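Secondary and tertiary structure notes
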Amino acid sequence: MTTLSKILDEIQSYLPGCNTRIVEKAYEWAAKLHEGQIRKSGEPYLSHPMEVAYILTQMRLDLPTIAAGLLHDAVEDSQISIEEISKEFGEEIAFIVDGVTKLKKIPGSMNKITKQAESLRKIILGMSKDLRVILVKLADRLHNMRTLQYQAEHKRQKIAKETLEIYAPLAGRLGIDWIKCELEDLSFKYLYPEEYKRLKVEVEKRIKEAEEYVEKVKSILRELLQKNNIKGKVLGRVKHLYSVYRKLQKYNLTIDELDQVYDLIGFRIIVNTVEECYRTLGFVHALWTPIPGRFKDYISLPKPNMYQSLHTTVLGPNSKKIEIQIRTEYMDKIANEGIAAHFLYKEGFFTSKREHYKYLEWLNKLIELQKELKHPREFLESLKLDLFPDEIYVFTPKGDVIVLPVGATPIDFAYTIHTEIGNKCVRAFVNDKLVPLDYKLQTGDVVKIETSPYQKPSRDWLKVVVTGRARSRIKQWFKKEEKEKLVNLGKELLNKELRKYKLSLNTFIEESEKDLAILDNFKIKSLDELFYQIGSAKVSAKHIAKVFAEKTGREISDKEEIVEKIPKEVSAEKVFLEPSKDIIVVEGAKDILFHLAQCCKPIPGDEIVGYITRGKGISVHRTDCPNLKDLDSERFVEVSWGSYDSKTYPVHLYIICLDRKGLLANISSAIAASESNILKAHVKTTSDKKAFFEFYIEVNNKTHLDKIISNIFKVEGVLKVERKLG
Ligand code: MN
């Protein structure tokens, strides 16, 4: 078991002479807090935070991080609160402990992509506040993986899967290669135990066989350096098992075909300067033939996690392919230890002076160091690449990270922030530039949404949004709006019926509120519900009015039934009496839910009648529509045209002519001269020299149509012009 002195010794190796009191105090508290607790392994619980702290010293982290490592399970497993930790150890350590505790609440099952996204979101948010939260979490996970054999089988699988999918790639992206490799191999062992065992045996066998060859290559390379006056080291290293396994999978090979994977052993040359790296590469290529397409220069184009190195594959002794990496000492450290090593190298240790640095500042540092890395996008892209290829990361103007699926638009973004922002969004700015609302967001975009109190969601939005949240919120909005419209329609319909008894809607509402018995008959709970039922033709307004009138002792004052009036008395003139923004008006009711019937396609100016459909508002028909006779007369309602400025309506015309040359052209130009669009046209001629034309045209209203028809009649040979239904 790791002892306190082992931890303190390790700290002294990279922070010589520092005062480690805070770590000692954290140890004392952890020992007290976990007293009597036992791990599944049978060891005292304290062994876990101790190992975690030791791993953190191997990552050469600062004292607050190591103290936080010792205390990382204390809040969850015992009685101490974050506030107490803050009081005893300061806010900084409390923040890290708190962050690690919150990360534990990540959903366990990693099967669902949404849950994965949630996990990653938490991790990124954790990183954006203090990277050290993640470093402690990685150390915690590493020790838990090392002791995974004590967990129940189903838990092992789950933890190993999560480690392989999230934590190992994360360690890789942070450049902490040794943790990444260990996490991968441990996960591999538990997820695919058979393959792991066989591959381990096979790889070890081959490494043994290759020992002599490896030594030969190493000595040739050493000689090469010496001959050219370059001081450096040559290493032969065995690739970690999981990377070999992945390679087999990549080339669709079985473990028996392992011999086809040539790079079980990689060679690494470590020199002092960048210039020596390139010179060494030149000497290696002069000695052994390089394999085309296998050379990679990560020195001039570093990976986003700061990794730098030259990679090449050559035909070595006995014409065997060998992989060689060439890099400086510093690059080697970065490759193994990641970001922490950078500070370590420049400043001696991962300094606590940076105790308040934020993730984005760290990104900025990264960018400063690597000119090629022009945008945080690149880091984020590489960060999530292995994890979730289908997601993008964008920022709010305040710098908060929002995770969205690929293809997400500013509308999705707006709904992710807040439903009301979504409902009211009018304009979007990406990186300070105005973009259309259906713009496809990219990782790294900073998105600003402008809202307006007058904005409403549009049905077109449903065609562009990709998040379920936006889609459901938009639909919800329309549902609510429709419901409101139906409630209003119900009120108007009832009002009309009540007036026949010289009663008003207000009286009805007042009386009903005093005595809801009238609603009881219909099993309706509230007045709004009643209006809604009337508006959607589930309850008859006439009937309700009658029941109510009987209760109040009224008799119908006007025996004329509205149904009888309809076909005769609806007049187009009414249209212009009541200016309204609505195309269809039901006596005073505004903003009603309606649609123009598809069977007869009325246009403004046509004589029309409304029919209350079940739940879809009013369907507006022409009074000469033959379908009317099949409809339930109880549900007819008087409607009139409101204003209908710029819209156009389709009309189907049937024209009979005496056939002659140029007729189609003449009719077409008569229509065009009337400022109408032709959508479609059909021509048929008969042996008796008659021509039959069918035109589908767009008109503004009845007056417009009349004018078009009279213009068509002016064309020579036209016998008949008929407007068809539909
Ligand atoms: Mn733990």
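Structure's up top.
What this report covers is the structure whose coordinates are included nearby. Keep in mind that this is a model prediction, so the values were computed, not measured.

Details of the packing of aromatic side chains
Geometrically, a pair of aromatic rings is defined through the distance of the ring centres and the angle of the planes. Taken as a whole and assessed by the stated rule, the structure comprises 14 aromatic pairs. Measuring from centroid to centroid gives 6.3 Å for F188 and Y192, while their planes differ by 55°, and the two rings are tilted. Residue class for F188 comes out buried when judged on its relative accessible area of 0%. Relative to F548, the ring of F508 has its centre 4.9 Å away and its plane inclined at 70°; by these criteria the two rings are edge-to-face. Of this pair, F508 sits in helix α23 (residues 505–514) while F548 sits in helix α26 (residues 541–552), and the two are 40 residues apart along the sequence. As far as the burial class goes, F508 and F548 line up, both buried. Ring pairing ties together the aromatic residues F188, Y192, Y196, Y242 and Y245, which thus form one cluster. Residue placement shows K483 over the ring face of Y532; its charged tip is 4.6 Å from the ring centre.

Focus: the sheet that holds strand β14 (residues 618–622)
In space, the four strands of this open sheet follow the order β12-β14-β13-β15, with mixed pairing throughout. If you trace the sheet from one side to the other, it starts and ends with β12 (594–596) and β15 (636–637), each paired once. Summarising the sheet, β12 and β14 pair through three bridges and their orientation is parallel. Within the sheet, the bridge partner assigned to H595 lies in β14 and is S619.

Some details on helix α2 (residues 21–33)
For α2, with 13 residues, the first-to-last C-alpha span of 18 Å sits near the 18 Å given by 1.5 Å per residue. Turning to α2, its buried residues number three or more, namely V23, K25, A26, W29, A30 and L33. Buried residues in α2, looked at end-on, bunch into an arc of 160°, giving them a common side.

Side note on the sheet that holds strand β19 (residues 690–699)
Paired through their backbone hydrogen bonds, the strands of a sheet run either parallel or antiparallel. Across the sheet, which stays open at both edges, the four strands sit in the order β18-β19-β17-β20 with antiparallel pairing between neighbours. Only two strands of the sheet have a single neighbouring strand rather than two, namely β18 (677–685) and β20 (718–724). Strand after strand, the sheet turns through a mean of 20° between neighbouring axes, direction not considered. Where helix α29 (residues 702–713) meets the sheet, its contacts fall on β17 (649–658), β19 and β20, and the angle it forms with β20 comes to roughly 155°.

Reading the values: rules and limits
- Residues numbered from 1 in each chain as written.
- Predicted model: local features only at pLDDT ≥ 70, side-chain atom pairs only at ≥ 80, totals over all residues.
- Heavy atoms only, no water.
- Phe/Tyr/Trp six-rings, centres within 6.5 Å; stacked < 30°, edge-to-face > 60°.
- Buried < 20%, exposed > 50% of the residue type's maximum accessible area, 1.4 Å probe, protein only.
- Helix = DSSP H or I, 4+ residues; strand = E, 2+ residues; numbered from the N terminus.
- Lys NZ or Arg CZ within 6 Å of the ring centre and 35° of its normal.
- Pairing = 2+ DSSP bridges.
- Expected span 1.5 Å × (residues − 1).
- Arc of directions from axis to C-beta.
- Axes fitted to C-alpha atoms, helices over the stretch in contact; angles between N-to-C directions.
- Contact = heavy atoms within 4.5 Å.

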